[in-house]
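Take a look at the letters that make up each chain.
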Amino acid sequence: MAVERTFSILKPDATRRNLTGKINARFEEKGLRIVAQKRIQMSRQQAEEFYGVHKARPFFGELCTFMTSGPVVVQVLEGENAVAKNREIMGATNPANADAGTIRKDFAESIEANSVHGSDSAENAAIEIAYFFAGSEIVG
Ligand code: IDP
């Protein structure tokens, strides 16, 4: 299996409840390495661009409001099969459908305030990483 990188966000509901350490421990325990990380306040423009693929969805405006409602932690995670592994660790989008032991099952408040974002493909991971990080900020 190839070592790859994925992009992750600890969302405002996670930073508000001081859960960043607990969530990072989940990644590290499962073999993902945090090779870049910074806490930022996302701008409205960044949120709208980042979630541009959802522009036509009814929840788009609320999602962008939520993502700018407090600080987020943006991260690059590295490991074998990192994209799929992170999706597994996160659990289903809606915490009501998430498997036991996943981040979203254990921490998410709702389908919107679901604590974490993780890229859904290696291709999107590369785009999302480049959107938030300069190459020099990633130290593997
Ligand atoms: P994902 O984060 O599991 O990849 P996506 O379908 O890409 O899920 O949706 C992006 C984000 O949009 C979700 O994480 C969630 O916060 C929000 N979202 C998705 N579906 C809904 C919905 O039906 N209502 C409110 N927010 C939603």
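Residues numbered from 1 in each chain as written. Predicted model: local features only at pLDDT ≥ 70, side-chain atom pairs only at ≥ 80, totals over all residues. Heavy atoms only, no water.

As recorded in an unreviewed UniProt entry, the chain goes by the name Nucleoside diphosphate kinase, listed as coming from Reyranella humidisoli. The UniProt entry for the chain carries this comment under Subcellular location (unreviewed entry): "Cytoplasm". Checking UniProt for the chain, the heading Function (unreviewed entry) contains the comment "Major role in the synthesis of nucleoside triphosphates other than ATP. The ATP gamma phosphate is transferred to the NDP beta phosphate via a ping-pong mechanism, using a phosphorylated active-site intermediate." (UniProt positions renumbered as here; feature names shortened; annotations may be inferred.)

Participant: What should I look at first to understand the UniProt feature "binding site: ATP" (unreviewed entry) in the chain in this one?
Facilitator: Feature annotation in UniProt places "binding site: ATP" (unreviewed entry) on K11, F59, R87, T93, R104 and N114, given in this structure's numbering. In the annotation above, K11, F59, R87, T93, R104 and N114 are the residues that line the largest pocket. Within the fold, K11 resides in the loop between β1 (3-10) and α1 (12-16). For K11, the residues in contact, after removing those within four places along its chain, are Y51, F66, M67, P71, V72, R104, E112, N114, S115, V116 and H117. Sequence-distant contacts of R87, that is, excluding residues within four places in its chain, are made with G118, S119 and D120. (1 Å grid on protein atoms, 1.4 Å probe; cavity = no way out; pocket = protein on both sides within 12 Å on 5 of 7 lines; lining within 4 Å. Helix = DSSP H or I, 4+ residues; strand = E, 2+ residues; numbered from the N terminus. Contact = heavy atoms within 4.5 Å.)

Participant: Can you help me understand the pattern of salt bridges in this one?
Facilitator: Oppositely charged side chains can pair when the atoms bearing their charge come close. Using the criterion set out here, one finds 7 salt bridges in the structure. D13 serves as the salt-bridge partner of R17, at 2.6 Å between the closest nitrogen and oxygen. With relative accessibility at 29%, the residue R17 sits in the partly exposed group. Ionic pairing is found between E109 and R17, a salt bridge with its closest N-O pair at 3.5 Å. (Salt bridge = Lys/Arg side-chain N within 4 Å of Asp/Glu carboxyl O. Buried < 20%, exposed > 50% of the residue type's maximum accessible area, 1.4 Å probe, protein only.)

Participant: Please clarify how the packing of aromatic side chains should be interpreted in this entry.
Facilitator: Each aromatic ring pair is summarised here by two numbers: the centre-to-centre distance and the angle between the ring planes. Within the structure shown, the criterion is met by 5 aromatic pairs. Here Y131 and F132 contribute two aromatic rings whose centre-to-centre distance is 5.0 Å and whose plane-to-plane angle is 85°, an arrangement assigned as edge-to-face. Exposure remark for F132: the relative accessible area of 7% places this residue in the buried category. Ring-pair connections join several aromatic residues into one group, and the members of that group are F7, F50, Y51, Y131 and F132. (Phe/Tyr/Trp six-rings, centres within 6.5 Å; stacked < 30°, edge-to-face > 60°.)

Participant: Even after reading the chapter, I still don't get the confidence of the model for the chain, so can you show me in this structure?
Facilitator: Across the chain, the average pLDDT comes to 98, with 100% of residues at or above 70. As a predicted assembly, this complex carries a pTM of 0.98 together with an ipTM value of 0.97. (pLDDT = per-residue confidence, 0-100.)

Participant: Would you explain the nonpolar core in this entry?
Facilitator: Soluble globular proteins tend to bury their nonpolar side chains together. With 22 residues, the main nonpolar core has F7, I9, M67, V74, F132 and F133 as its most contacted residues. Mapped by element, the contributors of at least two residues to this core are β1, β2 (33-40), α3 (44-50), α4 (60-67), β3 (72-80) and α7 (122-132). For this core, the leading source of residues is α4, giving 5 residues. Setting aside anything within four residues of it in sequence, one finds F7 in contact with F50, V74, Q75, N86, H117, G118, S119, A125, E128, I129, F132 and F133. Core analysis: the next-biggest nonpolar cluster, separate from the first, contains 14 residues, A14, L19, I103 and V116 among them. (Core = buried A, V, L, I, M, F, W, Y, C linked by side-chain atoms within 4.5 Å.)

Participant: Any chance you could explain the pairing of β3 here in plain terms?
Facilitator: Each regular strand carries side chains that alternate between the two faces of the sheet. Across the 9 residues that make up β3, a large majority, 8, are buried. In this structure, β1 lies alongside β3, joined through 8 bridges in antiparallel fashion. Bridge pairing in β3 links I9 to V74. Summarising the sheet, β2 and β3 pair through 7 bridges and their orientation is antiparallel. Opposite Q37, over in β3, you have Q75 as the bridge partner. (Pairing = 2+ DSSP bridges.)

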